[in-house]
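# Observations on the three-dimensional arrangement
Letter by letter, the chains look like this.
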2 protein chains.
Amino acid sequence: MARPRSSSRTVEHPAMAEVSLQQVLDALVDPVRRAVVSQLARADEDISCGTFDVSVSRSTLTHHFNVLREAGVIRQYYVGTTKMNTLRTDEMEGRFPGLLSALVAASAPETGVSAR
Amino acid sequence: MARPRSSSRTVEHPAMAEVSLQQVLDALVDPVRRAVVSQLARADEDISCGTFDVSVSRSTLTHHFNVLREAGVIRQYYVGTTKMNTLRTDEMEGRFPGLLSALVAASAPETGVSAR
DNA sequence: GTCGGCATTCGACGGGCGTCGTACTATGAC
DNA sequence: GTCATAGTACGACGCCCGTCGAATGCCGAC
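Residues numbered from 1 in each chain as written. Chains lettered and ligands numbered in written order. Predicted model: local features only at pLDDT ≥ 70, side-chain atom pairs only at ≥ 80, totals over all residues. Heavy atoms only, no water.

Bringing the sheet that holds strand β3 (residues 82-87) of chain A into the picture now. All names here are of chain A. Ordered by their spatial adjacency, 3 strands build an open sheet running β1-β3-β2, and the pairing between neighbours is antiparallel. Each having just a single partner strand, β1 (47-48) and β2 (74-79) make up the two edges of the open sheet. As defined by bridge partners, β1 adjoins β3 across 2 bridges and the pair is classed as antiparallel. What sits directly across from Ile47, in β3, is Asn85. Seen against the sheet, helix α2 (residues 31-42) touches β1, β2 and β3 and runs at an angle of roughly 80 degrees to β3. Across the sheet, helix α3 (residues 58-70) lies against β2 and β3, angled at about 125 degrees from β2, the strand it touches most. (Pairing = 2+ DSSP bridges. Helix = DSSP H or I, 4+ residues; strand = E, 2+ residues; numbered from the N terminus. Contact = heavy atoms within 4.5 Å. Axes fitted to C-alpha atoms, helices over the stretch in contact; angles between N-to-C directions.)

The operation linking the two copies of the chain is a rotation about an axis combined with a translation along the axis. Turning chain B through 180 degrees and shifting it by 0.0 Å along the axis lays it on chain A, with an RMSD of 0.0 Å. Look at the turn and shift together and you get a two-fold axis relating the two. (Least-squares fit on C-alpha atoms with pLDDT ≥ 70 in both.)

Turning our eyes to something else, we now look at the protein's contact with DNA strand D. As a matter of local geometry, DNA strand D sits amid 23 residues, with A:Arg33, A:Ser57, A:His64, B:Thr62 and B:Lys83 nearest to it. Within 4 Å of the protein, the atoms of DNA strand D are drawn from sugar and phosphate moieties in a proportion of 77%. Looking at the surface near DNA strand D, the elements that each hand over two or more residues are α2 and α3 of chain A together with α3 (58-70) and β3 (82-87) of chain B. Counted by class, the surface near DNA strand D contains 4 nonpolar, 15 polar and 4 charged residues. (Near = heavy atom within 4 Å. Nonpolar A, V, L, I, M, F, W, Y, C, P; charged D, E, K, R; others polar.)

What follows concerns the pattern of salt bridges. Residues and elements named next belong to chain A. Across all of its chains, the model carries 4 salt bridges over all chains by this definition. Glu91 is paired through a salt bridge with Arg75; the nearest N and O atoms lie 3.1 Å apart. Of this pair, Glu91 sits in helix α4 (residues 89-95) while Arg75 is found in strand β2, placing the two residues 16 residues apart along the sequence. Residues joined in a network through salt bridges with shared partners are Arg75, Arg88 and Glu91. (Salt bridge = Lys/Arg side-chain N within 4 Å of Asp/Glu carboxyl O.)

It is worth spelling out the protein's contact with DNA strand C at this point. Neighbouring DNA strand C are 22 residues, the closest being A:Thr62, A:Lys83, B:Arg33, B:Ser57 and B:His64. A distance of 2.9 Å is found between a base oxygen of DNA strand C and a side-chain nitrogen or oxygen belonging to B:Ser59. Between DNA strand C and B:Thr60, the relevant distance is 3.1 Å, taken from a phosphate oxygen to a side-chain nitrogen or oxygen of the residue. Of all the secondary-structure elements, those providing two or more residues to the surface near DNA strand C are α3 and β3 of chain A together with α2 (31-42) and α3 of chain B. In terms of residue count, α3(B) provides more of the surface near DNA strand C than any other element does, 4 residues in total. Here the residues of the surface near DNA strand C sort into 4 nonpolar, 14 polar and 4 charged. (Polar contact = N/O pair within 3.5 Å; in protein donor to acceptor, adjacent residues only side chain to side chain.)

Within the largest apolar cluster, 57 residues are counted, with the highest numbers of intra-cluster contacts made by A:Leu99 and B:Leu99. Elements supplying a minimum of two residues to this core: α1 (21-28), α2, α3 and α5 (99-107) of chain A together with α1 (21-28), α2, α3 and α5 (99-107) of chain B. (Core = buried A, V, L, I, M, F, W, Y, C linked by side-chain atoms within 4.5 Å. Buried < 20%, exposed > 50% of the residue type's maximum accessible area, 1.4 Å probe, protein only.)

Written as structure tokens, this is what we have:
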């Protein structure tokens, strides 16, 4: 029991073997998307789409999430009307070892984690 | 002695501290430029501009080299009329640890190194 | 049922970048 | 000197992608 109510809409995710390096780089070259990834990497819990700190419109944000998901970078699932997001850290590590972690590490200083 | 004759034209290179992650990613997201980097990573010696195995025109190739150099990824120097290229591997490792190596490793399968 | 909030879809717009050909410069061989 | 070769500079073209607003769909609360 304790079924996670609202198994409503499901989201399609690519198998890791399917995603190409080009896709991942195309996804991570955009600063907005990299900001999303950074915030996910630093978060303790999954984050809903609407609570990200980015300066684009809702529709643009949806677009970015699609790109990230289709590149295998994030996993998404619905909880009620809100959509939650997680990094597919381990899977990415298996597919492209060291890539995502290096990128997150390199992004960290940019997002103001450095001196505080 | 044994001065490498023709210290003629010199090339400007950015200091590593100057290059941004965005620059590096912009540089490495292009498949042609990544092919250049891969070939450099696999080469035992420095390679002249004209001997790369890419399918773009000479002028386009020049453009790609400029982008890579300005992103701090490669170092260039003239030898006579030919221009040689090297990866700034160690410096990049210092600036963005693990990034370039992860990328080269991920690119390797694409460039046909896998089964031979 | 109605309402409100969260996210998506669609079409349109604009800018940036990869591409090319041509003209040009610079070096080395002769 | 002439010539050939290596690479550069410049301008033009086309396409892809990030951006937005408005309209729509979906779900939960009431």
